[in-house]
Amino acid sequence: MSGYAVSVRDLTVRYGRTIAVDNVSFDLEPDGIYGLLGRNGSGKTSTLSVLASMRRPAAGSVLIDGVEPFENERIMAGVSLIRESGDVLTNEKIAASLSYYEQARPTWDAAFADELVDAFGLNRKKPISTFSRGQRSAFGAVIGLAGRAPLTMFDEVYLGMDAPSRYRFYDLLLADYAEHPRTIILSSHLISEIERLFSGVVIIDGGRLLLNEEVEDFRTRGATLTGPAAQVDAVTTGLRVVASRSLGPTKEVTVYGDLDGAALDAARAAGVAIGGVGVQDLFVHLTEKESR
Ligand SMILES: Nc1ncnc2c1ncn2[C@@H]1O[C@H](COP(=O)(O)OP(=O)(O)OP(=O)(O)O)[C@@H](O)[C@H]1O
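Residues numbered from 1 in each chain as written. Predicted model: local features only at pLDDT ≥ 70, side-chain atom pairs only at ≥ 80, totals over all residues. Heavy atoms only, no water.

Some words on helix α8 (residues 229-236)
For α8, the complete set of buried residues consists of V232, V235 and T236. What you see down the axis of α8 is that its buried residues fit within an arc of 95°, all on one side. In this structure, α8 carries A230 and A234 as exposed residues pointing more than 90 degrees from its buried face. Remark: G238 follows α8 within two positions and exhibits a positive phi of approximately 90°. (Buried < 20%, exposed > 50% of the residue type's maximum accessible area, 1.4 Å probe, protein only. Helix = DSSP H or I, 4+ residues; strand = E, 2+ residues; numbered from the N terminus. Arc of directions from axis to C-beta.)

Details of the packing of helix α3 (residues 94-104) against helix α5 (residues 133-147)
Following both chains from N to C, one finds α3 and α5 inclined at 25°, their axes separated by 11 Å at the closest point. Relative to α5, the element α3 is oriented roughly parallel. Both α3 and α5 take part in a crossing whose hand is right-handed. Where α3 abuts α5, its residues I94, S97, L98 and Y101 lie against F139, V142 and I143. Partitioning the contact of α3 with α5 into residue classes produces six nonpolar, one polar and no charged. (Axes fitted to C-alpha atoms, helices over the stretch in contact; angles between N-to-C directions. Parallel < 35°, antiparallel > 145°, perpendicular 65-115°, else oblique. Left-handed = near helix turned anticlockwise from the far one by under 90°. Contact = heavy atoms within 4.5 Å. Nonpolar A, V, L, I, M, F, W, Y, C, P; charged D, E, K, R; others polar.)

Brief notes about the environment of E29
Tracing the backbone shows E29 in the loop between β2 (18-28) and β3 (33-37). As a C-alpha pair, E29 and A96 span 67 residues in sequence and 34 Å in three-dimensional space. Residues contacting E29, with those up to four places away along its chain left out, are Y4, Y34, T183 and E214.

Points about the nonpolar core
Across soluble globular proteins, nonpolar side chains have a tendency to be buried as a group. The biggest cluster of nonpolar side chains holds 47 residues, and the ones touching the most others in it are F154, F169, L186 and F198. Contributions of two or more residues to this core are made by β3, α3, α4 (110-119), α5, α6 (163-179), β7 (183-188), β8 (200-205) and α10 (279-291). Per-element tally for this core: the top contributor is α5, with seven residues. Each of domain 1 (6-206) and domain 2 (217-291) accounts for three or more of the residues forming this core. Apart from residues no more than four positions distant in its own chain, F198 is found in contact with I33, Y34, G35, L37, L186, I191 and V215. Counting residues in each nonpolar core, the second largest holds 26 residues, with L28, V50, L81 and M153 among its members. (Core = buried A, V, L, I, M, F, W, Y, C linked by side-chain atoms within 4.5 Å. Domains from an automatic or database assignment.)

So, the domain arrangement of the protein chain
What the domain assignment lists for the protein chain is domain 1 (6-206) and domain 2 (217-291). Between the C-alpha centres of domain 1 and domain 2 the distance comes to 34 Å. Facing the 10 residues of domain 1 at the interface are 10 residues of domain 2. Along the contact surface separating domain 1 from domain 2 lie zero salt bridges. At the boundary of domain 1 with domain 2, the tally comes to four residue pairs in polar contact (both at pLDDT 80 or more). Within the side of domain 1 that touches domain 2, the residues separate by chemical class into four nonpolar, three polar and three charged. (Salt bridge = Lys/Arg side-chain N within 4 Å of Asp/Glu carboxyl O. Polar contact = N/O pair within 3.5 Å; in protein donor to acceptor, adjacent residues only side chain to side chain.)

Side note on the environment of T152
Relative to the assigned elements, T152 resides in strand β6 (residues 151-155). With near-sequence residues (within four places) excluded, T152 lies in contact with S80, G144, R182, T183, I184 and I185. Of note is the side chain of T152, whose polar atom sits 2.7 Å from the backbone oxygen of A149.

So, the sheet that holds strand β1 (residues 6-15)
Reading across from one edge, β2-β1-β4 is the order of the three strands in this open sheet, with antiparallel pairing throughout. The open sheet is flanked by β2 and β4 (59-64), the only strands paired with a single partner. For this sheet, the mean angle separating the axes of adjacent strands, direction not counted, is 20°. On top of the sheet, helix α1 (residues 44-51) reaches β1, β2 and β4; it is set at about 120° to β1, its chief contact. (Pairing = 2+ DSSP bridges.)

Points about the site of the ligand
Looking at the ligand, the residues that line it are Y15, A20, R39, N40, G41, S42, G43, K44, T45, S46 and E156. In the environment of the ligand, an oxygen atom lies 3.1 Å from a nitrogen or oxygen atom belonging to the side chain of N40. In the environment of the ligand, an oxygen atom lies 2.7 Å from a nitrogen or oxygen atom belonging to the side chain of T45. Protein chains shield 60% of the accessible area of the ligand, which is 640 Å² for the free molecule. (Near = heavy atom within 4 Å. Areas by Shrake-Rupley, 256 points an atom, 1.4 Å probe, with all protein chains shown as cover.)

Considering empty space enclosed by the protein
The tally for this structure, following the rule as stated, stands at three cavities of 30 Å³ or more. In this model, the largest cavity occupies a volume close to 40 Å³. Put simply, the parts of the chain that give the lining of the largest cavity at least two residues each are β2, β3 and α1. Here the residues of the lining of the largest cavity sort into eight nonpolar, two polar and no charged. (1 Å grid on protein atoms, 1.4 Å probe; cavity = no way out; pocket = protein on both sides within 12 Å on 5 of 7 lines; lining within 4 Å. Points joined across faces, edges and corners; volume = space filled by probe spheres on them.)

Written out as structure tokens, the structure reads:
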């Protein structure tokens, strides 16, 4: 089974007078790993809750695999949202939740779930209520990975894990995704360590969409130019500058947009080093600007 396409159109989510998501539209291709990125309170969880049919939007719509997911049994069986809060049977041992999800999810792989429990070193003999925050997060990762849902969403579950567990999670996710491609959304405000996983990103800020782009496009649309200040200024004038900093006589400027090959060649000839723009850098610069 391959992953589901996702289409979000003019989505608005409200809590009373608070507008958590404000007229957001974006599309995700099937079988990509997408970062849903935004600062605290930007609307990530609200967006994911609508995709998981846990919340009805105030306006707009979502389509998953081309259809409206609400009360659609086929789609709901193929959509998994893993939240830090768990959604597991906390008074029971691991086995009870594993067998619950085995019943609920047609794509569940019980042998893989067992492997994952061992990989994260989780105790099968204790009730989940006795687990630490990181161990609960790791168990959420087990449920999300072993479910192999065609649309699998992780809402910041990895934040509670320590660094070795987080890296184990990323490696396991990539390895399993290579064998069983599906659409995966990872929401986070910590980006540097997971950006290597992404095939595309959706950046939201204050409930509004800032960017929905395939990561490959960053390579052609963004650049960091470093070199003598006068030369850097000469070639970046007129371009969209998202960040700029000076270190003595050297200046580093990050530009984003449709870059002109001739301008970049001229910069190189003038001794300016040109590098790519990371997702983390772009996120920080774009959301800083928006929040001012
Ligand atoms: N149940 C609720 N009642 C009222 N307001 C809410 C509720 N849930 C979220 N909000 C508000 O909606 C906005 C978006 O919240 P949301 O949880 O979607 O953001 P987030 O990007 O997931 O944040 P974080 O990274 O901090 O988890 C915030 O202003 C938040 O205060």
